[in-house]
Amino acid sequence: MTWLTPLSGLVLAGAVIPPLVLLYFLRLRRKPASIASTLLWQRSVEDLTANAPFQRLRFGMLLLLQLMALLMLAVAIMQPRLEGERRAGGRTVLLIDNSASMSARDAEDGDTRLEEARTRARDLIERLYAGGWMADAPGETMIIAFSDRAEVISRFTDSRTNLLDAIDRIRPTDGESSLTEALQLARAYTTNVNPDQQDRPMADPATIELFSDGRIQDLNEHVLRGETMNFHAVGSTEPNNVALTAVSIDRPYDKPTSVEVFVSLFNHNSTEVSSCEVQLSVNGTAVGIQDVTLPPAEVDENGVRRAGRSNLVFLPFDQPRGAIIEVAVLRPDDLPNDNIANVVLPPARQLSVALVDKKSRVLELALQGLSLRTSDFNMTGDELEQRIAEDRLDEFDVYVLDGFVPSEMTQGRFVTFGETPPIEGLNPYGESEPQVVLATKTEHPVMRYVSLDSLYVEASTLLKPARDATILVEGSEAPLMVEIRRGSLAVVHVAFDPLESNFPLLRSLPTWVYNVVDYLGHLGEGVASTVIRPGQAITTRVPSTAEDIRIELPDGSTVPLTPAETFDVSWGPSRRAGLHTISWKEPDVDDRVERAFAVNLLSTVEGDIATRESITIGEAQAQGDFGERAAYTPLWPWAIGVCLALMMTEWWLYHRRARI
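Residues numbered from 1 in each chain as written. Predicted model: local features only at pLDDT ≥ 70, side-chain atom pairs only at ≥ 80, totals over all residues. Heavy atoms only, no water.

Colleague: Explain the overall build of the chain here, please?
Modeller: Scanning the chain from terminus to terminus reveals 10 helices and 36 strands. A burial count over the chain gives 45% of its 660 residues as buried. Accessible surface, the chain as shown: approximately 33,900 Å² in total, 52% of it carbon and sulfur. (Helix = DSSP H or I, 4+ residues; strand = E, 2+ residues; numbered from the N terminus. Buried < 20%, exposed > 50% of the residue type's maximum accessible area, 1.4 Å probe, protein only. Areas by Shrake-Rupley, 256 points an atom, 1.4 Å probe, with all protein chains shown as cover.)

Colleague: Honestly, the packing of aromatic side chains in this entry has me stumped. Any pointers?
Modeller: Each aromatic ring pair is characterised by the separation of its centres together with the angle its planes make. All told, the structure shown has five aromatic pairs when counted by the stated rule. Here F396 and Y399 contribute two aromatic rings whose centre-to-centre distance is 5.7 Å and whose plane-to-plane angle is 55 degrees, an arrangement assigned as tilted. Grouping aromatic residues by their ring pairs yields a cluster made of F417, F496, F503 and W512. (Phe/Tyr/Trp six-rings, centres within 6.5 Å; stacked < 30°, edge-to-face > 60°.)

Colleague: What is the right way to look at a negative patch on the surface in this model?
Modeller: On the surface, E419, E431, E433, E458, E477 and E500 cluster together into a negatively charged patch. By secondary structure assignment, the location of E431 is in strand β21 (residues 428-431). The class for E431 is exposed, based on a relative accessible area of 60%. (Patch = residues over 30% accessible without salt bridge, like charges linked within 9 Å, V, L, I, M, F, W, Y side chains within 5 Å. Salt bridge = Lys/Arg side-chain N within 4 Å of Asp/Glu carboxyl O. Lys, Arg positive; Asp, Glu negative; His and termini not counted. Charge placed at Lys NZ, Arg CZ, Asp CG, Glu CD.)

Colleague: What should I look at first to understand the pairing of strand β19 (residues 398-402) in this one?
Modeller: Moving residue by residue along a regular strand, the side chains alternate between the two faces of the sheet. With five of five residues buried, β19 lies mostly within the body of the structure. Of the two faces of β19, both are covered, the one formed by V398, V400 and D402 as well as the one formed by Y399 and L401. Judged from the four bridges that link them, strand β17 (residues 353-356) and β19 form a sheet pairing that is parallel. Bridging from a neighbouring strand, A354 pairs with Y399 of β19. (Pairing = 2+ DSSP bridges.)

Colleague: Any chance you could explain the side chain of D497 here in plain terms?
Modeller: Mapping D497 onto the fold places it in the loop between β27 (489-494) and α9 (508-521). D497 sits in the buried class, given a relative accessible area of 14%. Engagement of the side chain of D497 in a polar contact is seen with the side chain of K359, the distance being 2.8 Å. A polar contact of 3.0 Å, which involves the side chain of D497, links it to the backbone nitrogen of L499. For D497, the contacting residues outside a window of four places in its chain are K359 and G418. (Polar contact = N/O pair within 3.5 Å; in protein donor to acceptor, adjacent residues only side chain to side chain. Contact = heavy atoms within 4.5 Å.)

Colleague: Help me understand the pattern of salt bridges, please; the structure alone is not making it clear to me.
Modeller: A side chain with one charge may pair with a side chain of the opposite charge, provided their charged atoms come close. Within the structure shown, the criterion is met by 22 salt bridges. A salt bridge links D106 to R113; the shortest N-O distance between them is 2.6 Å. Look at D106 and you get buried, because its relative accessible area is 18%. Residues D497 and K359 are paired through a salt bridge, measuring 2.8 Å at the closest nitrogen-oxygen approach. With D497 in the loop between β27 and α9 and K359 in the loop between β17 and α7 (362-368), this residue pair connects regions lying 138 residues apart in the sequence. Through salt bridges with shared partners, a single network forms among R387, E390, R392 and E395.

Colleague: Explain unusual backbone geometry to me, please; I cannot follow it from the model alone.
Modeller: The general pattern is negative phi for most residues beyond glycine and trans for most peptide bonds. Across the junction of G572 and P573, the peptide omega takes the value 5 degrees, indicating a cis bond. Note on placement: P573 falls in the loop between β31 (568-571) and β32 (578-585). Although it is not a glycine, N283 sits at a positive phi angle of roughly 55 degrees. Its relative accessible area of 48% is what places N283 among the partly exposed residues. Phi is positive for D391, which is not a glycine, with a value near 55 degrees. Within the secondary structure, D391 is located in the loop between α8 (381-389) and β19.

Colleague: What exactly am I supposed to notice about the sheet that holds strand β5 (residues 150-157) here?
Modeller: In any sheet, the strands associate via hydrogen bonds between backbone groups, in a parallel or an antiparallel arrangement. If you trace the seven strands from one edge of the open sheet to the other, you get β5-β4-β3-β6-β7-β35-β34, paired in mixed fashion. The outermost strands of the open sheet, each flanked by one partner alone, are β5 and β34 (614-617). For this sheet, the mean inter-axis angle between neighbouring strands, taken without regard to orientation, is 20 degrees. One ladder, built from seven bridges, connects strand β3 (residues 91-97) with strand β4 (residues 140-146); its direction is parallel. Counted as the bridge partner of I96 is A145 from β4. With respect to the sheet, helix α4 (residues 113-128) is in contact with β3, β4, β6 (207-212), β7 (228-233) and β35 (620-625), its orientation differing from that of β3 by roughly 165 degrees. On top of the sheet, helix α5 (residues 160-168) reaches β3, β4 and β5; it is set at about 170 degrees to β5, its chief contact. (Axes fitted to C-alpha atoms, helices over the stretch in contact; angles between N-to-C directions.)

Colleague: What is the right way to read the pairing of β27 from this model?
Modeller: The element β27 is extensively covered by neighbouring structure, given that six of its six residues are classed as buried. Side chains of β27 alternate between two faces, with L489, V491 and H493 and A490, V492 and V494 buried alike. Bridge count for strand β20 (residues 412-417) against β27 is six bridges, and the pairing is parallel. Following the sheet pairing, F414 is matched in β27 by V491. Linking strand β26 (residues 479-486) back to β27 in an antiparallel pair, the connection comprises two residues, with G487 at a positive phi of about 65 degrees.

Colleague: Please explain the nonpolar core as it appears in this structure.
Modeller: Proteins that are soluble and globular tend to have nonpolar side chains buried together. Within the largest apolar cluster, 39 residues are counted, with the highest numbers of intra-cluster contacts made by L367, V400, L452, F503, W512 and L520. Those elements giving two or more residues to this core turn out to be β17, α7, β19, β20, β25 (470-475), β26, β27 and α9. The element contributing the most residues to this core is α9, with seven residues. Filtering out sequence-adjacent residues up to four positions away, L367 remains in contact with V353, L355, L372, F377, V400, V513 and V517. Of all hydrophobic cores here, the second largest spans 26 residues; its members include V259, V263, L265 and L280. (Core = buried A, V, L, I, M, F, W, Y, C linked by side-chain atoms within 4.5 Å.)

Colleague: I keep staring at a nonpolar patch on the surface and nothing clicks. Help me out?
Modeller: Residues L73, I77, W636, I640, L644 and M647 make up a contiguous nonpolar surface patch of about 510 Å² in total accessible area. Secondary structure elements with two or more residues in the nonpolar patch: α3 (61-78) and α10 (636-658). Here the nonpolar patch gets four residues from one element, more than from any other, and that element is α10. Counting through the fold element by element, I77 comes out in helix α3.

Colleague: Just checking my understanding: could you explain α9 for this structure?
Modeller: Along an α-helix, a turn takes 3.6 residues, which lines up residues three or four apart on a common side. Compared with the 20 Å implied by 1.5 Å per residue over 14 residues, the 20 Å span of α9 between its first and last C-alpha is a close match. All buried positions along α9 are accounted for by S508, L509, T511, W512, V513, N515, V516, V517, Y519, L520 and G521. The inward-facing, buried residues of α9 abut β17, α7, β19, β20, β26 and β27. (Expected span 1.5 Å × (residues − 1).)

Function-wise, these values are silent; they only describe arrangement.
Set out below in structure tokens:
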């Protein structure tokens, strides 16, 4: 209990209570008198006029009631408040942020921000449902945890035990923080969709208690719709964090067994970070350490805080086999989650390619220049049709169709030339006149190091690709190269016959053939350049003979998986960064086959963990409360009521005695 104006009440009590007591010390100087009866003696003793002071003080019920009334009046002037939320049957929604930045350990006791948020949320529930004779009727409370997606931890309930248990069930994630889904859920549960419930308005805005560090990416996209929001700020406004924001691994074109590692780092501190050590490990063994100096974060002319950036490159090293590449910042800081990034490096394995119904030696010679698993890669169209019918397409990584058109194409990885394959979305509509190249998608892996500026096509099929298709080469009349990916089907289609162009004469042909075979052959295998972030699903393709498929999570737990009809398996969304391993059993093989996938935070926004002092939603600004926010119930109205009750009792008792 606290007091707003204790001095005023004490002054009032000191001014009125002593005079009241003094009045009871006064006594009447009486004269001897003869009376006919003692019945009037009691009336004589209680005369109200005193003409001689200092009689012995006699406590009576009237004095006690008067003293208590004055004390209650003094207490009311002192304005006492009882700690605890005042509830009048309203609804409260607790939004608890469990995104990556809430895993920062910048509390004095070493707890994470999420642990601090849960502690403060439990304290709020204890105050809301403290009970007692002065408490209002308790309302209902709902709990939602949110990061990149929102999850209802507890629906509306007035059970204190259930709410406390729900808070304990909230677990950290490495997702980015977004408020959209959380507000949508809160409003969905506070909106009355049943018109028969006349005692509840159609829209019943709730009080929102937000526990977060304020690093929410979509605050500017929202406005409050009658809700009241209280912002419980968690964390420090001056944290210490250096974050990995990008890790890229590549095999040089001229040295396919070597590996290059590129790293990008952000410094979110206001001071320069010198001698920051970054370690490179292969399968758990350190192979190199580099020191890097990071400039401080600065605020630009628009008031936006910009992190200091630095990049580094590890020298190429020989790694023909598959490996787990780990990059780690050895400098300790408040958020260790973004100090480590893993990349799954596939082995420099030889691909198996089938050339179906070759029309010339152009493509055959280009494929012979590659390091393929077998030298005999020619296949007839009938053999391909049989494999499609028997669902044995996974025996080859890539099928190159030199003008052959199969009856159906629902799965597999194909490179097709000339005739339009039976795939919905290519939309052929005629034959074109001679074409030249207008534009190429140079950033696509198929077009890397490929120059087609001098490509001339005598005849081709006019295509109008669907929106989900990727145009790799745009001709003067229609697209010349198109990619379509739909589930387990991946096709790169060339709309012309190479013999009807100067493509075979260009120096880029061997490079293009290598790119397209390498690109399609490694799809779905956790290629090093593929980045999986928290919130995304992990998808791969397993053999048709795979059994007992399961995924092992970074915490060591396992989840069984069921493949689709196309033998694709998917799990997600992933919630934590780290290595995820999908494994399965194959007949006549003792050991389980494993395939690792790396989920990395690598966020340029979650690494900035400086807690905001206030947040703005629409036109409403909520000031952050960095401590335990004590809500109070005023007690002075109760003190006034007790005072009036005592005065009425004293008045009734006085007049009752006066009638005697």
